[in-house]
Protein chains: 2
Amino acid sequence: MAKTNKNQDTEGQILTAAKNVFQKKGMDGARMQEIADEAGINKAMLHYYYRSKQLLFEAVFSNAFSLLAPQLNKALNDDSSIEDKVKNFTNNYISFISKHPYLPNFIIQELNRNPKFFEKIQQNAAFPTLEKFKTQVTEEVEKGMLKPIDGEQLFINIISLNIFPFVASPLIKGILKIDDKGFKQLMERRKTDVSEFIINSIKK
Amino acid sequence: MAKTNKNQDTEGQILTAAKNVFQKKGMDGARMQEIADEAGINKAMLHYYYRSKQLLFEAVFSNAFSLLAPQLNKALNDDSSIEDKVKNFTNNYISFISKHPYLPNFIIQELNRNPKFFEKIQQNAAFPTLEKFKTQVTEEVEKGMLKPIDGEQLFINIISLNIFPFVASPLIKGILKIDDKGFKQLMERRKTDVSEFIINSIKK
DNA sequence: TTATGGTTTAACCATTTGGTTAACAAAGGT
DNA sequence: ACCTTTGTTAACCAAATGGTTAAACCATAA
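With respect to burial, helix H6 (residues 103-113) of chain A is a largely interior element, nine of its 11 residues being buried. Along H6 of chain A, the residues that are buried comprise Leu103, Pro104, Asn105, Phe106, Ile107, Ile108, Gln109, Glu110 and Leu111 of chain A.

Let us now look at the packing of helix H5 (residues 82-99) of chain B against helix H11 (residues 180-202) of chain B. Residues and elements named next belong to chain B. Axis separation between H5 and H11 bottoms out at 9 Å; the angle between their running directions is 160 degrees. For the element pair H5 / H11, the angle class is roughly antiparallel. Here H5 runs over H11; the crossing is right-handed. Only Met187, Arg190, Lys191, Val194, Ser195, Ile198, Ile199 and Ile202 of H11 make contact with H5, whose side of the interface consists of Ile82, Glu83, Val86, Lys87, Thr90, Asn91, Ile94 and Ser95. Grouping the amino acids of the contact of H5 with H11 by side-chain chemistry returns eight nonpolar, four polar and four charged.

What follows concerns helix H5 (residues 82-99) of chain A. All names here are of chain A. Here H5 contains 18 residues, and its C-alpha end-to-end distance of 26 Å stays within 8% of the 26 Å for a straight helix at 1.5 Å per residue. Ile82, Lys85, Val86, Phe89, Thr90, Tyr93, Ile94, Phe96 and Ile97 are the residues of H5 that are buried. Down the axis of H5, the sector holding all buried residues measures 165 degrees, keeping them to one side. Tucked inside the fold, the buried residues of H5 contact helix H4 (53-77), H6, helix H8 (131-142), helix H9 (151-167) and helix H11 (180-202).

What follows concerns the environment of Pro128 of chain A. The topology assignment puts Pro128 of chain A in the loop between helix H7 (117-122) and H8. With a relative accessible area of 4%, Pro128 of chain A lands in the buried category. Between the C-alpha atoms of Pro128 of chain A and Asn73 of chain A, which are 55 residues apart in sequence, the distance is 4.8 Å. In this structure, Pro128 of chain A is in contact with Ala69, Leu72 and Asn73 of chain A together with Ile175 of chain B, ignoring residues within four places of it in sequence.

Turning our eyes to something else, we now look at the relation of the copies chain B and chain A. Once turned by 180 degrees and shifted 0.0 Å along the axis, chain B lies on chain A with an RMSD of 0.1 Å. Classification of the inter-copy transformation places it as that of a two-fold axis. Of the C-alpha atoms belonging to chain B, the one lying closest to the rotation axis is found on Ser201 of chain B, 2.0 Å away. Taken together, the interface assignments show that 100% of the residues at the interface of chain B recur at the interface of chain A, consistent with an identical surface on both copies.

Cut-offs used in this document
Residues numbered from 1 in each chain as written. Chains lettered and ligands numbered in written order. Predicted model: local features only at pLDDT ≥ 70, side-chain atom pairs only at ≥ 80, totals over all residues. Heavy atoms only, no water. Buried < 20%, exposed > 50% of the residue type's maximum accessible area, 1.4 Å probe, protein only. Helix = DSSP H or I, 4+ residues; strand = E, 2+ residues; numbered from the N terminus. Axes fitted to C-alpha atoms, helices over the stretch in contact; angles between N-to-C directions. Parallel < 35°, antiparallel > 145°, perpendicular 65-115°, else oblique. Left-handed = near helix turned anticlockwise from the far one by under 90°. Contact = heavy atoms within 4.5 Å. Nonpolar A, V, L, I, M, F, W, Y, C, P; charged D, E, K, R; others polar. Expected span 1.5 Å × (residues − 1). Arc of directions from axis to C-beta. Least-squares fit on C-alpha atoms with pLDDT ≥ 70 in both.

This is the structure in structure tokens:
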């Protein structure tokens, strides 16, 4: 829509501020005033552009999911072998998340809070689909390239190994007695360790 | 309801109600009135027994963590081999969580919200320690029982594979297009699949 | 029976919070 | 210039919310 903006892009500033606050504090913990402060504007502007907290939140959530979904989709549906998919996804995903540390926890938390969100984002064009990956796993198992494994279980294993450490980072830092720096190093090592771990398990 | 009993564990009723509400809605989303309603008592009683929302929440959180920590600790520090530890933990943990589905997400979410909680629960007697597990992994690697692997990474892998599917269950249900029943069946299969997957990867 | 002390309740309070309003400022078009 | 549309602000509002209070309740000891 062609709004004649005095200020360059207030709508975008709001979205950025809302992203920061919502991802850090969640829907319930976030305050409209804090978002306005972070954006450096009046609170009424939030309602002018997004009508309600709920709608602003949905815009942020939708944006976040649109950032994450293609990562998954690309990794699942390109033309490489399962082995290469594992390697590429592990490497790329850990790099990606290091740049967006709040993202996975935000998505997971809010999906738990309100599973109805799923229906909304399932219409998202880039919503990840598992069909190709599953048939590919079956094929490679039949060809003898992989040990017998169910595609769904393998998929769960891959995302668990890659995503969970970021979601549970406070717990892991506590048990391993490491700080932010140590955690980063650990995740860096996982870029290779995790794919080795998976490949070791499934390759014949 | 029989009001004739004087303090027949009102405190416990409150704690149970608070657990239900906090685990479902989180600290920020929970309402004191809802906890009171769920406990079937007056809102003022919450403050009479626990002084504030914060303190009531901490009681619930501490309780939850005390339920989860021994599971981890027992699995890490008994005298069985790494292979048996993987098998036992995977089997036991998935059974345990099926009975407490909100637990892992609750712990993880609130630890992310306020990392300072960690200091409080670290004093917990049963707080999981990794020392024995790490030296045991090193030993078994040296003896040639296991392929070379870092104990910390193996630990992260084990808990990721076991915990993440429960934390991300809405996401997994969505992508795999399954309902609650299908999810339960999937997790049931994981009791053996996950330990096989891990053992496959690390056993020489 | 009555005094006592912990327990329970209804009513109340101060503050926070999402949301609205009305007036004002800045462009854009004619 | 003038009017219309869009953008922005300060002040305001009603509802919700965590927390408090003062009185009532009730089992038990004296």
